[in-house]
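Below are the chains, spelled out letter by letter.
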Amino acid sequence: MTDLTPTREQRTAALEGLGCKRKRVEDIRFTQGKGNYVDDLKLPGMLHGDFVRSPHAHARVKSINSEEALKVPGVLAVITAETLKTVNLAWMPTLAGDVQMVLADGKVLFQNQEVAFVVATDRYAADDGVSKVVVEYEPLPVIVDPFKSMAPDAPVLREDLAGKTAGAHGPRKHHNHIFEWTVGDKEITDAAFQKAEITIKELISYQRTHPSPLETCQCVCSFDKIKGELTIWGTFQAPHVIRTVVSLIAKLPEQKIHVISPDIGGGFGNKVGAYPGYICAAVASIVTGKPVKWVEDRIENLTATSFARDYHMTTEIAATKDGKVTGLRVHVLADHGAFDACADPSKWPAGFFNIVTGSYDFPVAHLTVDGVYSNKAPGGVAYRCSFRVTEAAYCIERAMDILAQKLGMDPAELRLKNFIRREQFPYHSALGWEYDSGDYHTAMRKMMETTDYTSLRKEQAEKREAFKRGDTREIMGLGVSFFTEIVGAGPSKNCDILGIAMFDSCEIRMHPTGAGIARMGTKSQGQGHETTWAQIIASEIGIPADNIMVEEGNTDTAPYGLGTYGSRSTPVAGAAIAMAARKIKAKAQMIAAYKLEVHEDDLEWDIDGFRVKGLPEKFMSMKDICWAAYNSVPPGMEPGLEAVSYYDPPNMTYPFGAYLCVMDIDVDTGVYKVRRFYALDDCGTRINPMIIEGQVHGGLTEAFAIAMGQEIRYDDGGNVVTGSFMDFFMPTAVETPHWETDFTVTPSPHHPIGAKGVGESPNVGGVPAFSNAVNDAFSFLGSTHIQMPHDYWRNWKAAKSLGVFAA
């Protein structure tokens, strides 16, 4: 007779747990157009709000006249700063310890700043009302160049800070200065530079860009006057934080605020903070007693919501003649725009930029960051990165290439010479971090062997000779990038937002039939949490992933969590999920021991249940244990099978990777072609390889966009000249290169399942790979550093400046 008992392999496969290429369960609704987004929400009597926005980057508001707007059919109200002052809501706190105007209060500080909020019966009427509001402005001098922000004669931007010589992060040394942040030993670092045999120094700028998610920022606010309760549906990456912020701003009891994040069409850091639209919609609902919807358009999103980057990094490396680095010195001028609204942990005004030592064993380093105000939109969010880590990685990776060029060394060989060695982990960096684990040499050598790096360098040398002979007008660049990212914010010892520790959470409830529901404090915006979270639980407790429903985004049902951004979901929430599941498993073991009439120490776990040691026929499946949990638990034990975990990580996690970009550039047109892009990532334990590959593809596409064209650019008058997709580079399938992915696995020693996170890594490593490819291509012509973005026009200008383009 055929034995139909499933094998161990079949039982493991049935779970679809860790390591399984499980298909994304969320795609069932998305691919059928059944997603549930904020703008899909339609409530009875719902009103619509739209903003009057400033055409000026810096101007005094002399008057606001709304008489004609109120005559427009359907327009019900026009809210201004004066209206908000009556309820003490004219200004709101930022996550960075600053304050920000909700609506222009006396002056405007950037183009498209919110001046008034028009409430109407439909969006068209609101837009008509906006066009009828008359605002009288008195233009003022504009600052868009951060290097001019602290000039002696620079205009005062923040008049509300007059007389304040200190901010949230220490002393201010100019009226447009926000903070100075220093890390490292300056004296020892300066001494290393004095003794250095070789030094390099370069200004490396990372241009202002924007996350530009597919879905813009939006919300619906509904105030119940009878219950005194406010419900907010919104595009929030951190719903619980929004609930707390609204409670603090509006002085409403937090238990009477309900925040719901439905499906979100991309976030990338853009939807972490609070925007004036949220406050104004809430106030309008409280005033009118009706639900109010606010949905921004694309131009508003690009010009007025949180930007990313705008870091100008003067970078110096000290080294020996044979290429061993001996010191690093970096000064950053950080343009924060009109308000300091960075979404960084409270104690880190420049985020985790002190990861700038990268993957290298710098014995000493010193970092200074100066934050300044300008007449640009506020923000400074972690656009597909972990709190300024992308800026840090770009800084050190460009600097290492510049050093290699000066030394006449191959960039890959210079990196291999200076990597932190595997036996040095856990490694304490010169700027204060403790790297958990890494095997950098293995990853770099795998990249070099897989791509046949030596042959590519030989081909490049031959093409350079052909170019010099006039046989070709194309130059070839190899962009090497090796990054270490710091993610998983974070440990309560050094990470909080508004005083709330950056833990995360999970609640698991198993039902009698062996199915369950898991709720988390995170919020997916495309990461596939409904798929991967169930896989963690499946491997931990032996219940198939298809039998676990994952729920996020509702503050009434989910345990308090700090949300999803900066690759913190897997390192923090993923750990909370594993720990909650282990609590379930521990109770299940006691129930199984009772039912099998043995001591719990006599049991061993076997894929999907417990087996008596030495008696394999005595087995109880997890599904049967779930049933027993509701009818026959041991005496003195509470019925049911559920657990909650709040996980405070002991350390960050440190994913890393080795990337190579092969690019050809026509010097007469500036047109480039990415011939090959290889990306090796090490994110520790791999939960779902297919989702990882999708994350890497998406992150590399954004890195490609940033390095090769994206920029929020201003003219001298503070006008945004790249405020739509006509001018702001958004790559399609036509422009996007083919991605070749690979991996190594170096688990995190302190994470319950060894995972490190991967969502941000390709953006962190991809940008310097592209930029290094362009700079490597031009290097033999005498160029040292060409600033991003590397679009056709700038490539042509670089060729022109080097005197090699055809007249």
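Figured I'd write up the structure that's included with this text. This is a predicted model, so every value here is computed, not measured.

### Examining the sheet that holds strand β15 (residues 257–260)
Okay, so step 1: Reading across from one edge, β3-β7-β1-β16-β13-β14-β15 is the order of the seven strands in this open sheet, with mixed pairing throughout. Taken across any chain shown, the strands that pair with only one partner, and hence form the sheet edges, are β3 (75–79) and β15. Averaged over neighbouring strand pairs, the angle between their axes works out to 20° when direction is ignored.
Okay, so step 2: Bridging between strand β1 (residues 47–53) and strand β16 (residues 292–295) involves three bridges; their strand directions are parallel.

### Quick word on the environment of Asn112
Okay, so step 1: Considering the arrangement of structural elements, one finds Asn112 in the loop between β6 (107–108) and β7 (114–120).
Okay, so step 2: For the pair formed by Asn112 and Glu300, sequence separation is 188 residues and the distance between their alpha carbons is 7.2 Å.
Okay, so step 3: Residue contacts for Asn112: discarding those within four places in its chain leaves Arg53, Ser54, Ile299, Thr303 and Ala304.

### Notes on the pattern of salt bridges
A side chain with one charge may pair with a side chain of the opposite charge, provided their charged atoms come close.
Okay, so step 1: Tallying each qualifying case throughout the model produces 57 salt bridges.
Okay, so step 2: Residue Lys468 is joined to Glu465 by a salt bridge in which the shortest nitrogen-to-oxygen separation is 3.8 Å. With Lys468 and Glu465 both in helix α13 (residues 453–469) and three residues apart, the pair spans about one turn of that helix.
Okay, so step 3: With its nearest N and O atoms 2.8 Å apart, the salt bridge here joins Arg519 to Glu551. Here Arg519, found in strand β26 (residues 516–520), pairs with Glu551, found in strand β27 (residues 548–551); they are 32 residues apart in sequence, far enough to count as distant.
Okay, so step 4: Its relative accessible area of 23% is what places Glu551 among the partly exposed residues.

### Observations concerning the packing of aromatic side chains
Okay, so step 1: Going through the model one piece at a time under the given rule, you end up with 38 aromatic pairs.
Okay, so step 2: Note on Tyr360 and Phe419: the rings are 5.7 Å apart at their centroids and 5° apart in plane angle, and the pair reads as stacked. One end of the pair, Tyr360, is in the loop between β18 (325–335) and β19 (365–372); the other, Phe419, is in the loop between α11 (411–418) and β20 (427–428), with 59 residues separating them in the sequence.
Okay, so step 3: Here Tyr360 falls in the buried class, since its relative accessible area comes to 1%.
Okay, so step 4: By relative accessible area, Phe419 is classed as buried at 2%.
Okay, so step 5: Between Phe704 and Phe770, the aromatic rings sit 5.5 Å apart at their centres with planes inclined by 55°, giving tilted as the arrangement. Residue Phe704 is located in helix α17 (residues 689–708), and its partner Phe770 is located in helix α18 (residues 761–779); the two are separated by 66 residues in the primary sequence.
Okay, so step 6: Phe704 sits in the buried class, given a relative accessible area of 1%.
Okay, so step 7: A network of ring pairs unites the aromatic residues Phe483, Tyr659, Tyr672, Phe677, Phe704, Phe729, Trp739, Phe770 and Tyr792 as a single cluster.
Okay, so step 8: The ring of Phe193 carries Arg329 above its face, with NZ or CZ at 4.0 Å from the centroid.

Thresholds applied
- Residues numbered from 1 in each chain as written.
- Predicted model: local features only at pLDDT ≥ 70, side-chain atom pairs only at ≥ 80, totals over all residues.
- Heavy atoms only, no water.
- Pairing = 2+ DSSP bridges.
- Helix = DSSP H or I, 4+ residues; strand = E, 2+ residues; numbered from the N terminus.
- Axes fitted to C-alpha atoms, helices over the stretch in contact; angles between N-to-C directions.
- Contact = heavy atoms within 4.5 Å.
- Salt bridge = Lys/Arg side-chain N within 4 Å of Asp/Glu carboxyl O.
- Buried < 20%, exposed > 50% of the residue type's maximum accessible area, 1.4 Å probe, protein only.
- Phe/Tyr/Trp six-rings, centres within 6.5 Å; stacked < 30°, edge-to-face > 60°.
- Lys NZ or Arg CZ within 6 Å of the ring centre and 35° of its normal.

These values are about where atoms sit, not about what they do.
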